[in-house]
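Residue-level listing of the chains:
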Amino acid sequence: MGKKSPNTAAKSSVSTSQQSTIGGNQKNGGMRSQKRSAYSMLALFILVINGSWAVYHYQYEIMPAPLTIEQAGKRGFSEMEAMKHVKALTDLGPHPVGSDALDLALQYVLAAAENIKKMAHWEVDVQVDYFHAKSGANRLVGGLFKGKTLVYSDLKHIVLRVLPKYASEAEENAILVSSHIDTVFSTGGAGDCSSCVAVMLEIARGISNQAHGFRNSVIFLFNTGEEEGLNGAHSFITQHPWSDSIRVAVDLEAMGIGGKSGIFQAGPHPWAVENFAMVAKYPSAQITAQDLFSSGVIKSATDFQVYKELAGLSGLDFAYSDNTAVYHTKNDKLELLKAGSLQHLGENMLAFLNHAAASPDFPKADAIGADSKIDQDSAVFFDILGTYMVVFYQSLARILYNSVILQSLLLWSMSLFLGGYTSVISFALSCMSIILMWIFSLSFSCIVAFVLPIISSSPVPFVSSPWLVVGLFAAPALVGALLGQHLGYLTLKKFLLRVSSQMKESVSPVVQAELSMLNAERWLFKGGTVQWLFLLVVGNYYKFGSSYLPLVWLVSPAIAYGFLEATLAPARVPKPLKSLTLLMGLSFPFLISAGSFIRLVGTIIGITVRLDRNPGDTPEWLGNLIIAAYISIITCLTLVYLLSYVHYSGAKPMIIFSSCILFGLSLSAVLSGVVPPFSEDTARAVNVVHVVDTNGAYNGKQDPSSYISLFSNTPGKLIKEAEHLDGFVCGREKVTDFVTFSVKYGCWAEDNTQNGWSTSDVPSLHVKDDTEGVDRITSISIDTKASRRWSLAINTGKIEDFKLKGTDNTREDYSEELVSFGEKSSVDGWHIIQFSGGKSAATNFDLTLIWVRNHTRSNEEKEDNLLLKLRTDVGILTPQVKKVFEKLPAWCSEFGKSTSPYNMAFLTSLPVKFSN
């Protein structure tokens, strides 16, 4: 019997070591594998799901206990006391600008402010001003107001200033706390923003009893006109004498009803958010919301835009965001306002104002204005479980991000260089698995998004029951992510097996297959860091504040892997990844972000109620697609590490089967109607307008047509709604241009009567003069009759510039310039003037138009398009509209916004070719 050579013995030893290391033994050419238990993987999934929900619940749903006035004391905040103000304001019903109800709301707030003044500490000076703003024009450059001039008149505000009597410098430096009293016409506005007004009144009561220690003053602005285009804030900043003393602005808003009011915009200077983080009892703030809001993804605006853009102020913008589906609908009501909501915001704001107003390092005007260096000093901020708030400078963030990016690239480069050809290919295949995971996950969930409107009675059947999206979109996204990554895993395993068989011929095929699976698992886990590294690079390049999220999701798992899995021994035989690596690596990222990710799903679902800004113009599947894509993206981002553990186990069939069952149950609930898409508390947006249309007529030569228009900003047809009504036809044949938007799909019923309206209310556009010299100049008189809320569109393809004056038929000497000549922006070839005013606002106007230089009268022979389009609103309910409201289902509600017509709207226009 011959002796083994040393090399043969070594190979045998390595082979035996490798086989024993992976827990198997050779027997009759077979091998017993000790794969990861399918039940342990299922337990990990359950832990992740329940842990994420627990984070969300603790961070956003646990509210402080409401306090009575006795428990809060003179200097504290009492929700019970604040709720009295909310009830008093909501009992008035809708109170838009120009309404009797708004006058009553103003008188209520004025009386409450005067009572605060009366009960203030004797060393505190409380000043109350009932401010009547002059007419003005608000032209903001960005966001929703691009291409618009917002004109206002006869607005009234309540301004309350609290300052110590014996600190003269306090009058020169003030913190502004602002919100609005007015509502849209469709709601009593318990959340938006009676809750904010109530919190401000109660905070003012508390501050007025302790401001004798302040170094700075606090100004509370209760404005009107916010819902018509931020006009209240504009008029205060441009006209009120106290506005010059403001150094920091805080705006309180609501895009839902109740819950935790969190900071969704801050800065640009970090002073305010830093001081808030120091003292807030229940901090709630996410810079992710600021990134989304600034990007325009969320189509909304607040007074904070005026304070920042027009006045150059820094500060904080808070908003309630629970149940965003009720925003600007009848369901923004007191009954749905969650207990503890006002207490949460009130205690946070009271602590901040007490600290900031007494601060010796209060920023001066030149320290907070917008300048070229401001983005270097802006802050990154977020809260952890609503208990602790993290704030750090963008300059520090960039240093940190750049450091992590460079180190990551260096480690990957060295790893691939030392590993050679095999490592490079394995890295490429692991990246391919990530790409396949994204493709399959997005495809599966988006297919459901496209199909759902076809098979369901509503394109968005989950609005009243948001939990349905877990089964409808998250389950397919998970199955797709798992299958996509599995295909990459199989390719990677096949490559590693081929490499292993070439390098270790003495090792049995069974052991080589096992080793390739273990190596593939590790490459998939490491590949998960690549997607987060990519996001960190992109976020750092574009200076996204939320880049801290990819940082956390990159660093934490990488550190866990380095501590528990990495080794310097090149010949080490791979073992299954430890569960501890996963738990240690993902605990902190989920703690930081799970609540916010879930919260954003609810916000997006709520926004689908008002998604279609031009009814009938948006595909029915678009809302579903946005939600499905977001859920799929979050699934791929957060579960990439966990999914890499699945392949070396028997859990794949169990996960896929469970997901399919969940999807099937959710789809069955939708199709069977067991779970209705809308409810009385979560309604579909359906507007009813009595339209009197004189388009096609000029100078009153043709009788106006009258019809009832029914349209919805919520995706979907109006078949179910029209079933309850008589004489309505639905479709796309009748497009109604409401000047600021068009109804491209709706329902209508002809009503050529004057029941409820009069021809004397029809507005007129009259050409007074049309002359042509160096420039062609046309003068037009506008009479809006009974309307003090109107929208006028000017064709900027024909008109280069214009000015608008308010006039009064009873006073020949009265003329007020509202919009002067100057550069005007436009959108889609139109510049829009939106006017809103109180009862004393003008109804007669002179519009002077300067035509573009290359326009000639001969061109008009070939043109039949419009020069001007006008819509005027009147706040009355005609008998026809009342009858429609009586028959509509309870799960329908009007939706109001600054561009929405009232229930009575008059339409008229002026063609390009007109006879003078």
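Note: the structure precedes this text.
This is a predicted model, so every value here is computed, not measured. (Residues numbered from 1 in each chain as written. Predicted model: local features only at pLDDT ≥ 70, side-chain atom pairs only at ≥ 80, totals over all residues. Heavy atoms only, no water.)

**Re the overall build of the protein**
Part 1 of the argument: Within the protein one finds 22 helices and 29 strands.
Part 2 of the argument: Against the 2.2 N^0.38 benchmark of 29 Å for 916 residues, the protein shows a C-alpha radius of gyration of 32 Å, consistent with a compact globule.
Part 3 of the argument: Projected onto the principal axes, the alpha-carbon positions of the protein cover approximately 125 × 70 × 60 Å.
Part 4 of the argument: Looking at the protein residue by residue over its 916 residues, the buried ones come to 59%.
Part 5 of the argument: Long-range pairs, those at least 24 residues apart, make up 82% of the contacts in the protein between residues at least 6 apart in sequence.
Part 6 of the argument: Summed over its atoms, the accessible surface of the protein is roughly 36900 Å², and 59% of this surface lies on carbon and sulfur atoms.
Part 7 of the argument: Across the protein, the centroid of the 75 positively charged side chains sits 13 Å from that of the 80 negatively charged ones. (Helix = DSSP H or I, 4+ residues; strand = E, 2+ residues; numbered from the N terminus. Rg over C-alpha atoms; globule rule 2.2 N^0.38 Å. Buried < 20%, exposed > 50% of the residue type's maximum accessible area, 1.4 Å probe, protein only. Contact = heavy atoms within 4.5 Å. Areas by Shrake-Rupley, 256 points an atom, 1.4 Å probe, with all protein chains shown as cover. Lys, Arg positive; Asp, Glu negative; His and termini not counted. Charge placed at Lys NZ, Arg CZ, Asp CG, Glu CD.)

**Points about the packing of helix α16 (residues 509-541) against helix α17 (residues 548-564)**
Part 1 of the argument: Their axes nearest at 8 Å, the elements α16 and α17 cross at an angle of 155 degrees. As judged from the angle between their axes, α16 and α17 are roughly antiparallel. In this structure, α16 meets α17 at a crossing whose hand is left-handed. Seen from α16, the contacting residues are R522, F525, K526, T529, W532, L533, L535 and L536; seen from α17, they are L549, P550, L551, W553, L554, P557 and Y561.
Part 2 of the argument: Along the lines of polarity and charge, the residues of the contact of α16 with α17 split into twelve nonpolar, one polar and two charged. (Axes fitted to C-alpha atoms, helices over the stretch in contact; angles between N-to-C directions. Parallel < 35°, antiparallel > 145°, perpendicular 65-115°, else oblique. Left-handed = near helix turned anticlockwise from the far one by under 90°. Nonpolar A, V, L, I, M, F, W, Y, C, P; charged D, E, K, R; others polar.)

**Here we look at helix α20 (residues 652-672)**
Part 1 of the argument: An ideal rise of 1.5 Å per residue puts 30 Å on 21 residues; α20 measures up with 30 Å between its terminal C-alpha atoms.
Part 2 of the argument: Those residues of α20 lying buried are K652, I655, S659, S666, L667, A669 and V670. Seen from one end, α20 has its buried residues packed into an arc of 155 degrees, which puts them on one side. For α20, exposure combined with an orientation more than 90 degrees from the buried face picks out P653, F657 and L665. (Expected span 1.5 Å × (residues − 1). Arc of directions from axis to C-beta.)

**Details of the nonpolar core**
Part 1 of the argument: Residues F220 and F473 are the most contacted members of the largest nonpolar core, which totals 194 residues.
Part 2 of the argument: With 15 residues, the single largest contributor to this core is helix α19 (residues 622-646).
Part 3 of the argument: Not counting chain neighbours up to four residues away, the residues in contact with F220 comprise I158, V159, L160, V162, V177, M200, I203, A204, I207 and L353.
Part 4 of the argument: Listed in part, the 27 residues of the second largest apolar core include I780, F835, L867 and L910. (Core = buried A, V, L, I, M, F, W, Y, C linked by side-chain atoms within 4.5 Å.)

**A look at helix α14 (residues 394-455)**
Since the α-helix packs 3.6 residues into each turn, any two residues three or four apart lie on the same face.
Part 1 of the argument: The end-to-end C-alpha distance of α14 is 48 Å, clearly below the 92 Å that 62 residues give at a rise of 1.5 Å each.
Part 2 of the argument: Taking the largest bend as the criterion, α14 deviates by roughly 130 degrees, centred on G420. (Bend = angle between axes of the 7 residues up to and from the residue.)

**Things to note about unusual backbone geometry**
Part 1 of the argument: At the junction of D192 and C193, the peptide bond is cis and its omega measures out at -5 degrees in the coordinates.
Part 2 of the argument: Inspection of the secondary structure puts C193 in helix α6 (residues 190-207).
Part 3 of the argument: That bond from G267 to P268 is cis: its omega, 5 degrees, falls within 30 degrees of zero.
Part 4 of the argument: By secondary structure assignment, the location of P268 is in the loop between β10 (262-267) and α8 (271-279).

**As for the environment of W523**
Part 1 of the argument: In this structure, W523 sits in helix α16.
Part 2 of the argument: Since its relative accessible area comes to 8%, W523 is described here as buried.
Part 3 of the argument: Linking W523 and S217, residues 306 residues apart in sequence, is a C-alpha distance of 60 Å.
Part 4 of the argument: Those residues in contact with W523 that lie beyond four places of it in its chain are W412, L416, S423, S426, F427, S430, L492 and L496.

**Observations concerning the packing of aromatic side chains**
Part 1 of the argument: If you walk through the whole model with that rule in mind, you get 29 aromatic pairs.
Part 2 of the argument: A ring pair is formed by F276 and F318, whose centres lie 5.4 Å apart and whose planes are at 65 degrees; its orientation type is edge-to-face. Of this pair, F276 sits in helix α8 while F318 sits in strand β11 (residues 314-320), placing them 42 residues apart in sequence. Each member of the pair, F276 together with F318, is buried.
Part 3 of the argument: Their ring planes at 70 degrees and their centres at 5.0 Å tell us that W553 and F590 sit as a pair that is edge-to-face. Note that W553 is positioned in helix α17 and F590 in helix α18 (residues 579-607), a separation of 37 residues in sequence. (Phe/Tyr/Trp six-rings, centres within 6.5 Å; stacked < 30°, edge-to-face > 60°.)

**Overview of the state of the cysteines**
Part 1 of the argument: The tally for this structure, following the rule as stated, stands at two disulfides.
Part 2 of the argument: Disulfide pairing is shown between C193 and C196; the S-S distance is 1.8 Å. Note that C193 and C196 are positioned in helix α6 at a spacing of three residues, about one turn of the helix. Like C196, C193 is buried.
Part 3 of the argument: Covalently, C730 is tied to C747 through a disulfide, its sulfur atoms 1.9 Å apart. Measuring the twist about the S-S bond at about 100 degrees, one finds the C730-C747 disulfide to be right-handed. (Disulfide = S-S within 2.5 Å.)

**A short note on the sheet that holds β10**
Part 1 of the argument: Sheet architecture is open: seven strands sit in the order β3-β6-β8-β7-β9-β11-β10, paired in mixed fashion. Every other strand in the sheet has two partners, leaving β3 (124-133) and β10 as the edge strands with one partner each. Looking at each pair of strands side by side, their axes are set apart by 15 degrees on average, direction ignored.
Part 2 of the argument: In the sheet, strand β9 (residues 246-254) pairs with β11 via seven bridges, with the strands oriented parallel. Note on β11: the bridge partner recorded for D251 is D317. (Pairing = 2+ DSSP bridges.)

**So, the environment of I219**
Part 1 of the argument: Here I219 shows up in strand β8 (residues 217-223).
Part 2 of the argument: With 336 residues separating them in the primary sequence, I219 and V555 have C-alpha atoms 44 Å apart.
Part 3 of the argument: Beyond its immediate stretch of four places on either side in the chain, I219 contacts V159, L160, R161, A174, I175, L176, V177, F236, W242, S245 and I246.

**Some words on a nonpolar patch on the surface**
Part 1 of the argument: A cluster of nonpolar residues, I447, F450, V451, I454, I455, W621 and L671, forms a patch on the protein surface that exposes about 640 Å² of accessible area.
Part 2 of the argument: It is α14 that contributes the most residues to the nonpolar patch, five residues altogether. (Patch = residues over 30% accessible without salt bridge, like charges linked within 9 Å, V, L, I, M, F, W, Y side chains within 5 Å. Salt bridge = Lys/Arg side-chain N within 4 Å of Asp/Glu carboxyl O.)

**Some thoughts on the side chain of N903**
Part 1 of the argument: Mapped onto the fold, N903 is located in the loop between β28 (892-893) and β29 (904-911).
Part 2 of the argument: For N903, the contacting residues outside a window of four places in its chain are V688, V689, H690, V874, I876, L877, V881, F885 and E894.

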